[in-house]
Amino acid sequence: MKRIAVLTSGGDAPGMNAAIRAVVRNGIYHGLHVFGVYRGYTGLIQGDFKELSVGSVGDVIQRGGTILYSARCDEFRTEEGRQQAVEQLRKHQIDGLITIGGDGTFQGAKKLTELGFPTIGVPGTIDNDINGTDYTIGFDTAINTVIDAIDRIRDTATSHERTYIVEVMGRDAGDIALLAGLAGGAESILIPEVNSSLEEIVARLKHGADRGKKHSIIIVAEGVGSAVDIGRQVQKATGFETRITVLGHVQRGGTPTAFDRVLASRMGAKAVDLLLSGKKDMMVAIRNNEVLGIDFDEASGQKHHLDLSNHHLASILSI
Ligand code: F6P
């Protein structure tokens with residue numbers, strides 16, 4: 001193996017740059033030429049490759065976003081698009097590819113391996129919704145961003161004695177809502193993995209009010225539904241003054257936390273090690289603080305596990 005390439009695809013996540021840096025520098029350390037592919041699978045199809053030097057990834061470990069840019073590429077979903085991608089990889093004499101992204105990225109990566117091209121995935125998504133890994137790159141930064149927002153909202157909620165409904169990202173997964181809600185002391189956490197009725201939410205709010213609580217924060221994962229709708233129903237059912245905040249893409253940007261930088265550095269370096277040891281179709285994962293390779297089939301297209309004991313704990317602690 002002499003020449004490898006790296007790309008980022010799907011939604012960007014803080015720590016992706018630290019992962020790219022680790023791929024480039026560990027690759028060069030092992031005598032490889034490392035190429036960056038720009039704009040994810042779109043750049044792969046179009047042949048947008050550039051060799052990356054040690055210096056080209058200097059001063060990026062602390063930056064959010066991705067220096068390789070990202071895209072969601074419909075063309076890559078077609079057989080023809082993927083054939084073009086493999087042709088470009090062969091034209092540039094690339095021996096192995098590292099894809100950094102979420103589940104959509106890995107479904108694409110798996111297709112490349114089926115076409116015979118060695119590909120290793122690195123989980124980079126704020127959603128933490130990939131099966132087989134305890135954490136994905138960007139999740140820790142995102143929940144810290146959400147906690148910061150909850151703390152600020154709580155100040156106003158207290159001053160005005162209001163109920164706030166805060167909608168967070170996560171696609172179909174409740175990880176961001178659950179951990180940020182637990183860490184932020186939310187009164188209720190609504191996630192797709194647990195059914196919560198309006199009656200229960202209202203009962204909790206009223207119970208809190210009865211014991212003197214003057215404000216409340218409810219965290220809603222986007223996969224549950226619109227915070228606007230839920231807010232309207234809550235206000236109608238309780239009569240409490242209610243406001244809605246949809247945090248949106250602020251959760252995707254920003255300086256990665258130390259946890260995400262370390263995770264990204266370990267995972268990026270491991271991806272290179274896996275390619276060098278002849279592995280062709282794996283995703284890098286972290287389990288019990290060990291970074292390892294797992295089969296794409298275990299990671300891609302599978303429902304990931306969310307520890308619901310934290311939901312139970314949050315409901316006990318926020319009575
Ligand atoms: O997968 C990351 C994520 O931010 C999800 O939480 C969210 O549902 C989605 O991407 C938003 O995608 P886009 O940036 O394309 O609107």
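Structural notes, computed from the coordinates. (Residues numbered from 1 in each chain as written. Predicted model: local features only at pLDDT ≥ 70, side-chain atom pairs only at ≥ 80, totals over all residues. Heavy atoms only, no water.)

Topic: the overall build of the protein
A tally of helices and strands in the protein yields eleven helices and eleven strands. Expected size for 319 residues packed as a compact globule is a radius of gyration near 20 Å; at 21 Å, the protein falls within 12% of this value. The contacts of the protein with a sequence gap of at least 6 include a subset with a gap of at least 24, amounting to 74%. Between the mean site of the 34 positive side-chain charges and the mean site of the 39 negative ones, the protein shows a separation of 3 Å. (Helix = DSSP H or I, 4+ residues; strand = E, 2+ residues; numbered from the N terminus. Rg over C-alpha atoms; globule rule 2.2 N^0.38 Å. Contact = heavy atoms within 4.5 Å. Lys, Arg positive; Asp, Glu negative; His and termini not counted. Charge placed at Lys NZ, Arg CZ, Asp CG, Glu CD.)

Regarding the sheet that holds strand β2 (residues 33-37)
The strand order β3-β2-β1-β4-β5-β10-β11 describes an open sheet built from seven strands, whose pairing is mixed. The open sheet terminates on both sides in strands that have one partner only, identified here as β3 (49-51) and β11 (290-295). Geometrically, the sheet is characterised by an average inter-axis angle of 25 degrees between neighbouring strands, direction not taken into account. The sheet contacts of helix α1 (residues 16-29) involve β1 (3-8), β2 and β4 (96-101), and relative to β4 the element is tilted by about 160 degrees. (Pairing = 2+ DSSP bridges. Axes fitted to C-alpha atoms, helices over the stretch in contact; angles between N-to-C directions.)

Quick look at the sheet that holds strand β6 (residues 163-168)
Across the sheet, four strands lie side by side as β7-β8-β6-β9; this open sheet has parallel pairing. Bordering the open sheet on either side are β7 (188-190) and β9 (242-246), each of which pairs with just one other strand. Strand-to-strand twist of the sheet, defined as the mean angle between neighbouring strand axes without regard to direction, takes the value 20 degrees. Where β6 and β9 come together, five bridges link them in parallel fashion. Bridge pairing links Ile-165 to Ile-244 in β9.

A few points about the pairing of β6
If a strand is regular, its side chains alternate between the two faces of the sheet. For β6, the tally of buried residues reaches six of six residues, placing the bulk of the element in the interior. Here β6 shows two buried faces, one formed by Thr-163, Ile-165 and Glu-167 and the other by Tyr-164, Val-166 and Val-168. (Buried < 20%, exposed > 50% of the residue type's maximum accessible area, 1.4 Å probe, protein only.)

Some thoughts on the environment of Ile-153
Following the sequence through the fold, Ile-153 ends up in helix α5 (residues 139-160). Expressed as a C-alpha distance, the spacing of Ile-153 and Tyr-164, which sit eleven residues apart in the sequence, is 7.7 Å. Residues in contact with Ile-153, not counting those within four places in the same chain, are Tyr-164, Val-166, Ile-217 and Thr-245.

Digging into the environment of Thr-133
Turning to its location among the elements, Thr-133 is positioned in the loop between β5 (119-123) and α5. When its relative accessible area of 8% is taken as the criterion, Thr-133 is described as buried. On a C-alpha basis, the gap between Thr-133 and Glu-298 in space is 9.9 Å, while along the polypeptide they are 165 residues apart. Among all residues touching Thr-133, those that are not within four sequence positions of it are Pro-123, Met-267, Met-283, Ala-285 and Ile-286. Within the structure, Thr-133 has its side chain in polar contact with the backbone nitrogen of Ile-286 (distance 3.0 Å). (Polar contact = N/O pair within 3.5 Å; in protein donor to acceptor, adjacent residues only side chain to side chain.)

Regarding the layout of surface pockets
Estimates place the volume of the largest pocket at around 790 Å³. Lining the largest pocket are 34 residues, with Arg-72, Gly-102, Asp-103, Gly-104 and Arg-171 sitting closest to its centre. Broken down by element, the residue count for the lining of the largest pocket peaks at six residues, all from helix α4 (residues 103-114). Within the lining of the largest pocket, the residues separate by chemical class into seven nonpolar, 14 polar and 13 charged. (1 Å grid on protein atoms, 1.4 Å probe; cavity = no way out; pocket = protein on both sides within 12 Å on 5 of 7 lines; lining within 4 Å. Points joined across faces, edges and corners; volume = space filled by probe spheres on them. Nonpolar A, V, L, I, M, F, W, Y, C, P; charged D, E, K, R; others polar.)

Description of the pairing of strand β10 (residues 281-287)
With five of seven residues buried, β10 lies mostly within the body of the structure. Where β5 meets β10, three bridges bridge the pair, whose relative direction is parallel. For Thr-119, the partnering residue across the bridge sits in β10 and is Asp-281. In this structure, the hairpin formed by β10 and β11 is closed by a connection of two residues, where Asn-288 is found at a positive phi of approximately 45 degrees.

So, unusual backbone geometry
Both trends apply: most residues other than glycine have a negative phi, and most peptide bonds are in trans. With phi around 65 degrees, Asp-59 is a residue other than glycine that occupies positive phi space. Positive phi values are uncommon outside glycine, yet Tyr-69 reaches one of about 60 degrees.

A closer look at the site of the ligand
Every residue near the ligand is listed here: Arg-72, Thr-125, Ile-126, Asp-127, Met-169, Gly-170, Arg-171, Glu-222, His-249 and Arg-252. Between the ligand and Arg-72, the relevant distance is 3.0 Å, taken from an oxygen atom to a side-chain nitrogen or oxygen of the residue. Contact between the ligand and Arg-252: an oxygen atom at 2.7 Å from a side-chain N or O atom of the residue. Taking 390 Å² as the accessible area of the ligand by itself, protein coverage stands at 74%. At a threshold of 2 Å from the grid points, most atoms of the ligand map onto the largest pocket. (Near = heavy atom within 4 Å. Areas by Shrake-Rupley, 256 points an atom, 1.4 Å probe, with all protein chains shown as cover. Sits in = over half its atoms within 2 Å of the grid points.)

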